[in-house]
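These are the residues of each chain, in order.
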Amino acid sequence: MSEPIDVARIGEDVPLLEGIRTARAIRRLRPDPVPRELIRKVCEAGTFAPSGGNRQPWLFLAVTEPERRAWIAERYRTAFRAYIAPALEAAKAPDFPEAGRRNMRAALWLADHLHEAPVHLFVAGWKRRGEAQGQALFPCIQNVLLACRAVGLGASLTTLHRGFGEECDRWLGLPEECPTIALLPIGWPVGKHGRPPRRPVDESLHWERFAARPPAATD
Ligand SMILES: Cc1cc2nc3c(=O)[nH]c(=O)nc-3n(C[C@H](O)[C@H](O)[C@H](O)COP(=O)(O)O)c2cc1C
């Protein structure tokens, strides 16, 4: 029998920078349930993000009921397939970067299996002066992703539900002043956390002035 999870302690010993460097998008998730207390813990990490005027505009909405996840997944799949179609066409070219193909395959896999992710965590935010505050929510979202990494949960950042965003927000019962911005499918990972492919920092870091360099390769 597996040990019960000590929610207070889990993830507390992952060094911050190592966690950051190994928080790749995990889209293949086991269907096993995730304790609510653990979802609460990763959302709490989200609440430690900075926000303009410390207004803390975020709101988390976790969907776990299978029929409700199926409702979301069905619409996400349709939105995703429409979005990815041109890229799939482009990927047929022999010189299309292999890393791009891999990324697309993983995203397609998620679109086809979203209903299996045990937690669909939406991050929404209160508008300010009638405007959605995306920039105020992404630091919070990144904290949630990093906290998932720390406690061993798999997660990825998606935004394509915005293709049916208003319908989704009303269905979730959210008021118009608080739209969702991201949907994080969360669950226990099939694979492992690890370093995602990234260009070396020195290709992006400049000192004092921008120094033109040859364009960075995409593969
Ligand atoms: C603003 C934003 C929106 C994204 N939307 C989606 C999405 O709708 N679906 C998806 O599968 N991935 C989405 N991603 C995830 C990226 O595709 C992912 O970060 C990229 O594949 C890198 O993954 P890696 O960290 O494992 O290398 C989004 C990422 C960002 C920053």
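It should be noted that the structure appears before, not after, this text.
The structure displayed is predicted, hence computed values, not measured ones.

1. Focus on the side chain of Thr 158
Checked against the element boundaries, Thr 158 lands in the loop between strand 3 (154–155) and helix 6 (165–171). For Thr 158, the side chain forms a polar contact with the main-chain oxygen of Leu 183, separated by 2.8 Å. If near-sequence neighbours (up to four positions away) are discounted, Thr 158 is found in contact with Tyr 76, Leu 110, Ile 181, Ala 182, Leu 183 and Pro 185.

2. Considerations on the packing of aromatic side chains
Counting across every chain of the model gives four aromatic pairs. Consider the rings of Trp 71 and Phe 164, whose centres lie 6.2 Å apart with planes at 65°: the pair is edge-to-face. Note that Trp 71 is positioned in helix 3 (residues 66–90) and Phe 164 in the loop between strand 3 and helix 6, a separation of 93 residues in sequence. Of the residues examined, Trp 71 reaches a relative accessible area of 17% and is grouped as buried. Assessed through its relative accessible area of 8%, Phe 164 is described here as buried. Taken together, Trp 71, Phe 164 and Trp 171 form an aromatic cluster joined through their ring pairs. Taking NZ or CZ as reference, Arg 68 lies 4.1 Å from the ring centre of Trp 171, over its face. Lying across the ring of Trp 71, Arg 75 places its NZ or CZ 3.8 Å from the centre.

Reading guide: rules and limits
Residues numbered from 1 in each chain as written. Predicted model: local features only at pLDDT ≥ 70, side-chain atom pairs only at ≥ 80, totals over all residues. Heavy atoms only, no water. Helix = DSSP H or I, 4+ residues; strand = E, 2+ residues; numbered from the N terminus. Polar contact = N/O pair within 3.5 Å; in protein donor to acceptor, adjacent residues only side chain to side chain. Contact = heavy atoms within 4.5 Å. Phe/Tyr/Trp six-rings, centres within 6.5 Å; stacked < 30°, edge-to-face > 60°. Buried < 20%, exposed > 50% of the residue type's maximum accessible area, 1.4 Å probe, protein only. Lys NZ or Arg CZ within 6 Å of the ring centre and 35° of its normal.

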